[in-house]
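Below are the chains, spelled out letter by letter.
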4 protein chains.
Amino acid sequence: MADPGKLRGIFTPNMVPLDAQGKINEPELRRYVDWLIDRGVHGLYPNGSTSEFTRFTPEERRRIVAIMADQTAGRVPILAGAAEANVRETLAACEYYHSLGCRAVAIVAPYYYKLSPDNVYAYFQEIGRNTPIDVTLYNIPMFASPIDVPTIQRLSEECERIIGIKDSSGDVAQMIRMIEAVRPNRPEFSFLTGWDVVLMPMLLVGCDGGTNASSGVVPEVTRRLYDLTIAGQLAEARRIQADLIEFFDPTLYSADFPEGFRVAVQMRGFRMGVGRQPLSERHRTILRDLEKTLGAWLRKQGLDVASPPAPLPTLDPEQIRAIVESVVAELQHRGAV
Amino acid sequence: MADPGKLRGIFTPNMVPLDAQGKINEPELRRYVDWLIDRGVHGLYPNGSTSEFTRFTPEERRRIVAIMADQTAGRVPILAGAAEANVRETLAACEYYHSLGCRAVAIVAPYYYKLSPDNVYAYFQEIGRNTPIDVTLYNIPMFASPIDVPTIQRLSEECERIIGIKDSSGDVAQMIRMIEAVRPNRPEFSFLTGWDVVLMPMLLVGCDGGTNASSGVVPEVTRRLYDLTIAGQLAEARRIQADLIEFFDPTLYSADFPEGFRVAVQMRGFRMGVGRQPLSERHRTILRDLEKTLGAWLRKQGLDVASPPAPLPTLDPEQIRAIVESVVAELQHRGAV
Amino acid sequence: MADPGKLRGIFTPNMVPLDAQGKINEPELRRYVDWLIDRGVHGLYPNGSTSEFTRFTPEERRRIVAIMADQTAGRVPILAGAAEANVRETLAACEYYHSLGCRAVAIVAPYYYKLSPDNVYAYFQEIGRNTPIDVTLYNIPMFASPIDVPTIQRLSEECERIIGIKDSSGDVAQMIRMIEAVRPNRPEFSFLTGWDVVLMPMLLVGCDGGTNASSGVVPEVTRRLYDLTIAGQLAEARRIQADLIEFFDPTLYSADFPEGFRVAVQMRGFRMGVGRQPLSERHRTILRDLEKTLGAWLRKQGLDVASPPAPLPTLDPEQIRAIVESVVAELQHRGAV
Amino acid sequence: MADPGKLRGIFTPNMVPLDAQGKINEPELRRYVDWLIDRGVHGLYPNGSTSEFTRFTPEERRRIVAIMADQTAGRVPILAGAAEANVRETLAACEYYHSLGCRAVAIVAPYYYKLSPDNVYAYFQEIGRNTPIDVTLYNIPMFASPIDVPTIQRLSEECERIIGIKDSSGDVAQMIRMIEAVRPNRPEFSFLTGWDVVLMPMLLVGCDGGTNASSGVVPEVTRRLYDLTIAGQLAEARRIQADLIEFFDPTLYSADFPEGFRVAVQMRGFRMGVGRQPLSERHRTILRDLEKTLGAWLRKQGLDVASPPAPLPTLDPEQIRAIVESVVAELQHRGAV
């Protein structure tokens, strides 16, 4: 592959539609991928936090990326979340995603246990030395061990395969610190922000793009904010940034993340199914209220609130057998077979 | 099965020995299980945080419990960690551990995402309604979504299958609150503390036992603290509790958890292998220093510092083939075959 | 003064009654002091957190202690909060409280700024070297810079005048650590817990007493818990400890601290006046609800819910002058003067 | 006074030089004020966190502002920190600062106790209703109760006298939220950031200026960053912002705040004296190291590292008496008197 260049622009951390059995809804996922690409996102980012990667099995995580790689067919680059139970499993996932033609993988710092910076370094170093595919570090201190600036700097200097960082801290000063520490030596290293509410100031201090949940719902808006900021149209960008906060805050904070985003994607016309984390009565009420809030916001943006297409009837094998039998019987009765 | 009674006493959250390839070292795990039972622990608790459950694959987690159940052969009850990626996978694990004859499972609150109390409730309710095996809630707010007192109370009232809580917060007042909220209605509900440094005061306020990492290293000491406290020999218990803190603090805090415990178990004579989380140079130095600290402490306790038996030579298949061939050749040469 | 011995027992961190002008209500404070002593508290602790020391001026803090020292008249020891804006001012307060015959002062670690342990040490060292009166360290990590165990140990070894610590962290293991670090060298050093909800377990691990806000409301109950625990009557102590939690939790957590305690003291019959921190409508509602909760709890404890006596009429100087004049005129009229 | 207009630009939170006795060094404070004004700061901000307001007595706080108001003589506006022990004392300070001709006061949210948002509102509402001078809210969640967006919005709508907010959270998204909530109704309301490391992005999202500790050390640099950003020279601003981070981070984080800034101001040629918080040996070493770091940074900026003028000899009265006597004796000896 020729030098694929720097990661740049808006990479969508897409949610995964589920069917009535709670399994991956492949046709809807394919439709969603097309819809996102059509609306201008620069790349796709499966198996991130918005994608609920921890709620899928290792096999499902692979299947999600395989479906998306197939559907994308090279139209946009894929940045695939590849964190597994340990380094060995993670590297195996890296190889698989490499074989699928993904542009790079994103690997979240170890979570559950809170690791010290030196062991976070050791973890990524071992991955960086053995991965067959480019790696983006994924810093999300609210959920996982933080990746500090000296660690990022050292990894960027020692591991050519580590080519970027996706930072979801939302700390603009920290972004400047990272850029200052890395860019002089690695000008092609990519800095992506996962914190939609500061996308504009992040880009203005030198960020290359974002992996923004909002782009999974309103790719038109996130993309426009990106374009305006890059073009230096700051007054207009400021307005869109404020609009995006008005969307992001209730979607993120009113319900346990990422339930609000599931509702929001559904409102753009996708059958998302029922999430895997059971929801309380209180939460279901919150989400119904959120729907109203988001409906009003979407309409204000001039965007349609779509009803998802009626779910395809779901039949169990027994029902299918019965239907087939009755049809066959009817046909036989009519002398057709 | 007859009513197996309340969970009571010290349940050891055992680490898992690994071999030179980083795989589960089954013979050593069996030897370790015997050693623990011989030293008087009341039960075993695989797939907890000390057991590094998140660093094994779903298949490995099952295999660990299968080996231990087989080796234990009913001598002590097993409380098996059963948390998987989602409710469906968790319930499948519950069924499997049930089929192995485990006494109960322990299920940590959802982690990575921080859930609100009502959704923590919804999660455990769905499990509690469908599990074929008794369930112990596992509250460890430093790593996972906290399980608050109203949630525990409600689950204890609604789900008969939920029979206890393992609490690793170390908050003694919170333990009293939980006991007051649950015990009047569910006198057989079990309260276990996972915080070794307050085992004595926890037992004195009404706790039934502990799941204590120290018991995987010095089962003699943890068990003695339990016995003395239950017997009301408080002056002596106070001394042992202070001793245990002197062990626990450096083992827990000097290195990233649970690396210190791996070193400590090794010092009791077990081949633990190299952990799955890569360690930095700094960490390796810390662990060598910890070895000295723990050595001094063990000797002060009158306990031997054992060297683990030399690792069995590890041969790759190619080497084995070569050896066999040369032996066969030699035998042929001697006319023996 | 002869060796006054170790600080031991329950020291009440008393709130300060205010009059209709928001000033210290001296007669009510004196009445409150008598009431507390009559109900068996072992000492008094003005100018602590419950006493809202930060909301009084330096002059008022001195006056509160002066009134209480005068009213106490040596019946029980006084531990006076002496923290002021800086070391020089704090030492001046120490001298003044010494001149009033206080048993010791309590000095909270520096707050607002978060100091590192070495500067917390430097701060107390300078005070410990220059104070004319015994000093108790005051550790309250939720409000002020924490005082860690090495700092306490070092100060206890270097400063004879530092004779104890009041710890409001509620961390029982930390209490054991402190006792282990200090008691071997300073057996008379005093350990007091400010966290009522673990008073029993704290005493059982070796604590000498408590500075407990509950003792300012229900000194009968706090004292009884202390006595039962010291006497080894653990089953009964456990019951009282649970009762105390039932009181403490809503009083502490439902409203901003220490507003709930003001309401609670008022319910024992004292005119507390209106606090100096303005309260929102929502907070006033919360406090009215709390009154009902506490009323039920007090009655369950067999304690009377007293109405505070009607406030004494407050007269401004002009009114007083007019009354005096009219009385004098009347007396003159009657030929009496 | 005519409408003084919106607060805009860089307001310096100045440290206070102390003399050999640890008292306010008035001549040096006056010299510092002139130096700051000469270097272009738009206003002065005494009694803030950098100014160590909590370490001065109420009388000293007033004297600091009085000296500065006198020295400033109207050349730049003064924003005076006016938080005192309670609302009454705070309002008295407001009146005094009003009488001195200060432009406005800044009042930090209640600290020590952590207040809920509704009581933070109640506190500022009572001040806002009674103050004779314009008030700036001061939000610094790392040290004091946070002031949330609904509280700011409500206060801005209800209290005309509340004319701005100084926010030291450094949260750029929160700044956008505040501006969106307030500006439509109160276009003249001022938003100042106290977080130097994001001054540029804060200005780009709509902030009116800053109260930046760096401007007390390198007013040239802070002012230049402000001017470049306002002028839309973003590439150059980005460079200066990165430089400022290189200064700010070690000055803020290496030593307990604000000790690093004291050293830094001293390096610009001011006799700062010894701070009121006693420093450990370790801290003194840290500060000596910081001096080297800052020296290199200043030189890189083309700024001189000035030695503070030799301290004036400090003589105690006894020494002065002895000198006078010996001079008089000598003069007598010479027959001069």
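Structural data are supplied above this passage.
Thresholds, definitions, all that
- Residues numbered from 1 in each chain as written.
- Chains lettered and ligands numbered in written order.
- Predicted model: local features only at pLDDT ≥ 70, side-chain atom pairs only at ≥ 80, totals over all residues.
- Heavy atoms only, no water.
- Helix = DSSP H or I, 4+ residues; strand = E, 2+ residues; numbered from the N terminus.
- Buried < 20%, exposed > 50% of the residue type's maximum accessible area, 1.4 Å probe, protein only.
- Contact = heavy atoms within 4.5 Å.
- Polar contact = N/O pair within 3.5 Å; in protein donor to acceptor, adjacent residues only side chain to side chain.
- Pairing = 2+ DSSP bridges.
- Expected span 1.5 Å × (residues − 1).
- 1 Å grid on protein atoms, 1.4 Å probe; cavity = no way out; pocket = protein on both sides within 12 Å on 5 of 7 lines; lining within 4 Å.
- Points joined across faces, edges and corners; volume = space filled by probe spheres on them.
- Nonpolar A, V, L, I, M, F, W, Y, C, P; charged D, E, K, R; others polar.
- Buried area = accessible area lost by both parts, 1.4 Å probe.
- Salt bridge = Lys/Arg side-chain N within 4 Å of Asp/Glu carboxyl O.
- Axes fitted to C-alpha atoms, helices over the stretch in contact; angles between N-to-C directions.
- Parallel < 35°, antiparallel > 145°, perpendicular 65-115°, else oblique.
- Left-handed = near helix turned anticlockwise from the far one by under 90°.

Student: How do you make sense of the environment of Asp256 of chain C when you look at a structure like this?
Tutor: You can see Asp256 of chain C is positioned in the loop between helix 9 (234-253) and helix 10 (259-267). Take Asp256 of chain C: its relative accessible area is 9%, and that puts it in the buried class. Residues Asp256 of chain C and Val182 of chain C lie 74 residues apart in sequence; the distance between their C-alpha atoms is 34 Å. Discounting chain neighbours no more than four positions away, the residues touching Asp256 of chain C are His283 of chain C together with Lys114, Leu115, Ser116 and Asn119 of chain D. A distance of 2.9 Å separates a polar side-chain atom of Asp256 of chain C from the backbone nitrogen of Ser116 of chain D.

Student: Mind showing me how you'd approach the sheet that holds strand 5 (residues 135-139) of chain D here?
Tutor: Adjacent strands of a sheet form backbone hydrogen bonds with each other and so pair up, either parallel or antiparallel. Residues and elements named next belong to chain D. Strand order in the open sheet formed by eight strands is 2-1-8-7-6-5-4-3, with parallel pairing between adjacent strands. Every other strand in the sheet has two partners, leaving strand 2 (43-44) and strand 3 (79-81) as the edge strands with one partner each. Sheet topology places strand 6 (residues 162-167) next to strand 7 (residues 190-193); four bridges connect them, and they run parallel. The partner of Lys166 across the bridge, within strand 7, is Leu192.

Student: Got a minute to help me understand helix 2 (residues 58-72) of chain D in this structure?
Tutor: It helps to recall that an α-helix has 3.6 residues per turn; residues three or four apart then point in one direction. Residues and elements named next belong to chain D. Given a rise of 1.5 Å per residue, 15 residues ought to cover 21 Å, and the 21 Å separating the end C-alpha atoms of helix 2 matches this to within 8%. When helix 2 is considered as a whole, its buried residues turn out to be Glu60, Arg61, Ile64, Val65, Ile67, Met68, Ala69, Gln71 and Thr72. In this structure, the buried side of helix 2 is in contact with helix 1 (26-38), strand 2, strand 3 and helix 3 (87-99). Directly beyond the C-terminal end of helix 2, a positive phi value near 50° is found at Ala73.

Student: Just to check I follow, could you spell out empty space enclosed by the protein for this structure?
Tutor: One simple way to see leftover space: roll a probe sized like a water molecule over the atoms. Residues and elements named next belong to chain B. Tallied over the entire structure, the rule returns four cavities of 30 Å³ or more. Looking at the largest cavity, its volume works out to about 60 Å³. In terms of lining, the largest cavity is formed by Asn47, Gly48, Phe53, Arg61, Gly81, Ala82, Ala83, Ala106, Ile107, Val108 and Tyr138. It is strand 4 (residues 104-108) that provides the largest number of residues to the lining of the largest cavity, a total of three residues. Across the lining of the largest cavity, the residue classes tally to seven nonpolar, three polar and one charged.

Student: Sorry, what's going on with the interface of chain B and chain C here?
Tutor: Interfaces are often sized by the amount of accessible area the parts lose when they come together. Each partner contributes residues to the interface: chain B has 19 residues there, and chain C has 19 residues. Summed over both sides, the interface between chain B and chain C buries roughly 1,500 Å², with carbon and sulfur atoms accounting for 70% of that surface. Summed over the shared surface of chain B and chain C, the result is two salt bridges. For Asp249 of chain B, the salt bridge goes to Arg177 of chain C, with nearest N and O atoms at 2.5 Å. Taken together, the connections running from chain B to chain C amount to four residue pairs in polar contact (both at pLDDT 80 or more). Breaking the side of chain B that touches chain C down by element, the ones donating at least two residues are helix 6 (172-182), helix 7 (199-204) and helix 9 (234-253) of chain B. With seven residues, the single largest contributor to the side of chain B that touches chain C is helix 9 of chain B. Among the residues making up the side of chain B that touches chain C, the classes are represented as 13 nonpolar, two polar and four charged.

Student: Explain the sheet that holds strand 5 (residues 135-139) of chain B here, please?
Tutor: All names here are of chain B. The eight strands lie next to each other as 2-1-8-7-6-5-4-3, forming an open sheet whose pairing is parallel. The open sheet has two free edges, formed respectively by strand 2 (43-44) and strand 3 (79-81), since each of these has just one partner strand. Where strand 3 lies against strand 4, three bridges are found, and the strand directions are parallel. Counterpart to Gly81 in the pairing with strand 4 is Ala106.

Student: Can you walk me through the packing of helix 2 (residues 58-72) of chain C against helix 3 (residues 87-99) of chain C in this structure?
Tutor: Two quantities define a packed helix pair, namely the angle between the axes and the distance from one axis to the other. Residues and elements named next belong to chain C. Their axes nearest at 10 Å, the elements helix 2 and helix 3 cross at an angle of 20°. Here helix 2 is positioned roughly parallel relative to helix 3, judged by the angle of their axes. Pair helix 2 / helix 3 crosses with right-handed handedness. For the pair formed by helix 2 and helix 3, the contact residues are Arg61, Arg62, Val65 and Ala66 on the first element and Ala92, Ala93, Tyr96 and Tyr97 on the second.

Student: Would you mind going over the arrangement of the chains with me for this structure?
Tutor: With no contact between them, chain A and chain C keep their nearest C-alpha atoms 20 Å apart. As for chain D relative to chain B, no contact occurs, and the smallest C-alpha gap between them is 20 Å.

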